[in-house]
Amino acid sequence: NSLSIGVLDILHLLCHGPYRVVAKFSEKIDFLRPHLENIFSPLILMKALTFVEGGVEVGSSLISQPEFDRIHLTGSRQTSDAIKKNIGSKLFTSELGGVTPVIIFPEVIKNQKLLRYVARQLTYGALANNGQHCVSYQVIIVPESGRIALSKALMSEMGLKCSAADQHSPKRLLIDEMATMKAKRIVDNAIQCGATACPSPCEPNGRQFPVTLITGITTEMKIFQEEIFGPIVGIMSLPDHDFANEAVKIMNHPRLLGDLGASLYTANPDSEKIHQTVCHLKHGIIGINCYPGLAFATSLPWGAGVEGSSGKGWVHNYQFLTESYFHKVVIKTSLKPNGFGFIKWEDPWLHNVSNQATLRLAKSIVNATIAFFKKQSIRFMAALIIMLPSLVLREIIAYKKDCIKE
């Protein structure tokens, strides 16, 4: 998972309690501890925060200590089950991830521009951090009439991602070889059950696993029932007739692991049908025309649905909202590139529009924001002067890459 999850968990506990915090990150990322201690040095000096390192034994020892009255976990269901057996009456909250599903509504498939835009968003949702996010896209639900069109668009965008300047290889690096073996097991299971994988054969190489698209998935397959944590996404098609209601049933299916995040892509985000769909979904975080991780990035409250199969409680609730007053967090955007008038640009985090101009654009936005709040008018204007040409150059480079691919 992103390091920022643990960082925001710490800040939430410090602010919301306020608690003193002992933080243990996964032993697989102990190399980051010096950086975390540098970032949080004022809080460490105040004895508000302490970092420890180690594996299962250290974690087990910590949760058994009587001075801790609250335990929070971002991790796996197995770890959560083990902790709950040993904490007694202590307050326990958790975020456990799950299989993140997506619904693509029919009107998106019928419009080529919208289809490409959504394919970009899906590629980001499936491949950001090489698919190792707690809400990485894993199951895409599409009308049968649009299955082939979406598959082609998604393969094209995933190919662009793999051919980017800093991503020559179609294989992505995972946290360890155990993760690649799990990914292969899930892909092999889908093929054995009748699905089609691209590429095929799909073979890992140490910690590397190929970017993989699986079509023809069903609820009986492991890809529907287990979180992969890798660069794999599957497409499930449903009959066009009564598509929305059938898609909701799949999203709420008891075999679908977890209820943390989900997404809907539609040209009609304000319609009553979409409102009803959102209300009927079991998930705690729902993105309409966006990746559900966008809610996390904007520090909205973050937690599982009412079933609690992806955890318990809400974190990052910096407005201190009473949890009993809300069921889920919904973040909504329009289904088109941002802009005004004839000036348009795509979301800055998308893989296939990322380049050096994107980096300059990001820096100029940060500098403009700082200057605005510090009331530094000259610095603010200088940032704006850099921002516009960086934005234009970024879009030109992305357009050329698209044309080469076509």
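Model, not experiment: these values are computed from the prediction.

### Quick word on the pattern of salt bridges
Under the criterion given, the structure shown has 14 salt bridges. Ionic pairing is found between Lys28 and Asp176, a salt bridge with its closest N-O pair at 2.6 Å. Linking Lys28 in the loop between β1 (21–24) and α2 (33–39) with Asp176 in the loop between β7 (171–173) and α9 (177–192), this pair joins segments that are 148 residues apart in sequence. Given the relative accessible area of 17%, Asp176 is considered buried. Between Arg33 and Glu37 there is a salt bridge, with the nearest N and O atoms lying 2.8 Å from each other. With Arg33 and Glu37 both in helix α2 and four residues apart, this pair spans about one turn of that helix. We classify Glu37 as partly exposed; its relative accessible area is 29%. Where salt bridges share partners, they join Arg33, Glu37 and Glu53 into one cluster.

### A closer look at the packing of helix α7 (residues 112–127) against helix α8 (residues 147–162)
At a closest axis distance of 9 Å, the pairing of α7 and α8 adopts a crossing angle of 60°. Accordingly, the angle class assigned to the pair α7 and α8 is oblique. The hand of the α7/α8 crossing is right-handed. Here Leu115, Arg116, Ala119, Arg120, Leu122, Thr123 and Leu127 of α7 lie close against α8, whose contacting residues are Ala149, Leu150, Ala153, Leu154, Glu157, Met158, Leu160 and Lys161. Residues of the contact of α7 with α8, tallied by class, amount to 10 nonpolar, one polar and four charged.

### Details of the sheet that holds strand β8 (residues 196–198)
In spatial order, the strands read β8-β10-β11-β6-β5-β12-β13-β17; together these eight strands make up an open sheet with mixed pairing. Strand pairing shows two members of the sheet lacking a second neighbour, β8 and β17 (329–332), which therefore form its edges. Shown here is a sheet whose adjacent strand axes are inclined to one another by a mean of 20°, direction ignored. Summarising the sheet, strand β5 (residues 100–104) and strand β6 (residues 137–143) pair through four bridges and their orientation is parallel. Bridging across to β6, Thr100 finds its partner in Tyr137. With respect to the sheet, α7 is in contact with β5, β6, β11 (232–238) and β12 (261–265), its orientation differing from that of β6 by roughly 155°.

### A word on the nonpolar core
Membership of the largest hydrophobic core comes to 46 residues, with the highest contact counts inside it found for Ile104, Leu122, Ile140, Leu150, Leu154, Tyr265 and Trp302. With residues up to four places along the chain from it excluded, the contact list for Leu150 reads Ile104, Ile109, Leu115, Leu122, Ile140, Val142 and Ile235. In this structure, Ala183, Ile214, Met251 and Ala262 belong to the second largest nonpolar core, which totals 38 residues.

Criteria and thresholds
Residues numbered from 1 in each chain as written. Predicted model: local features only at pLDDT ≥ 70, side-chain atom pairs only at ≥ 80, totals over all residues. Heavy atoms only, no water. Salt bridge = Lys/Arg side-chain N within 4 Å of Asp/Glu carboxyl O. Helix = DSSP H or I, 4+ residues; strand = E, 2+ residues; numbered from the N terminus. Buried < 20%, exposed > 50% of the residue type's maximum accessible area, 1.4 Å probe, protein only. Axes fitted to C-alpha atoms, helices over the stretch in contact; angles between N-to-C directions. Parallel < 35°, antiparallel > 145°, perpendicular 65-115°, else oblique. Left-handed = near helix turned anticlockwise from the far one by under 90°. Contact = heavy atoms within 4.5 Å. Nonpolar A, V, L, I, M, F, W, Y, C, P; charged D, E, K, R; others polar. Pairing = 2+ DSSP bridges. Core = buried A, V, L, I, M, F, W, Y, C linked by side-chain atoms within 4.5 Å.

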